[in-house]
Amino acid sequence: MEPTEAQYLIINALETLELLEWRLCDEETGRWRIHTLSPVLPIAIILPNGDIVPPEWIL
């Protein structure tokens, strides 16, 4: 599944700032799991609506 426009903008911004280390899309849910250089949220999920949440919030 291709990223939504909101997800694309977030991923593109993280890549431009060289903060994105790794990303993987779950094609069933449309969620992107990312690893960043951020000490605040090093691992996160980008939801299709563009919200960025910690993995613990996903059931």
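Details of the structure are given in the entry above.
Residues numbered from 1 in each chain as written. Predicted model: local features only at pLDDT ≥ 70, side-chain atom pairs only at ≥ 80, totals over all residues. Heavy atoms only, no water.

Draft legend 1. The arrangement of the side chain of Thr36 in detail. Mapped onto the secondary structure, Thr36 falls in strand β2 (residues 31-36). Separated by 3.2 Å, the side chain of Thr36 and the backbone nitrogen of Ser38 make a polar contact. The contact partners of Thr36, leaving out residues within four places of it in the chain, are Leu14, Leu19, Leu20, Glu21, Leu41 and Pro42. (Helix = DSSP H or I, 4+ residues; strand = E, 2+ residues; numbered from the N terminus. Polar contact = N/O pair within 3.5 Å; in protein donor to acceptor, adjacent residues only side chain to side chain. Contact = heavy atoms within 4.5 Å.)

Draft legend 2. Region of interest: the sheet that holds strand β4 (residues 52-53). Pairing is antiparallel in the open sheet, where 4 strands are placed in the order β1-β2-β3-β4. Single-partner strands in this sheet number two, and they are β1 (20-26) and β4. (Pairing = 2+ DSSP bridges.)

Draft legend 3. The arrangement of the pairing of β1 in detail. Judged from the 6 bridges that link them, β1 and β2 form a sheet pairing that is antiparallel. Each bridged residue has a counterpart across the sheet, and for Leu24 the counterpart in β2 is Arg33. The hairpin formed by β1 and β2 contains 4 residues between the paired strands, and Gly30 there has a positive phi angle of roughly 80°.

Draft legend 4. Structural detail: the pattern of salt bridges. Going through the model one piece at a time under the given rule, you end up with 1 salt bridge. Of the charged contacts in the structure, one is a salt bridge between Glu15 and Arg23, with a shortest N-O distance of 2.1 Å. On the basis of relative accessible area, Glu15 is assigned to the partly exposed category, the value being 39%. Judged by relative accessible area, Arg23 falls into the partly exposed class, the value being 37%. (Salt bridge = Lys/Arg side-chain N within 4 Å of Asp/Glu carboxyl O. Buried < 20%, exposed > 50% of the residue type's maximum accessible area, 1.4 Å probe, protein only.)

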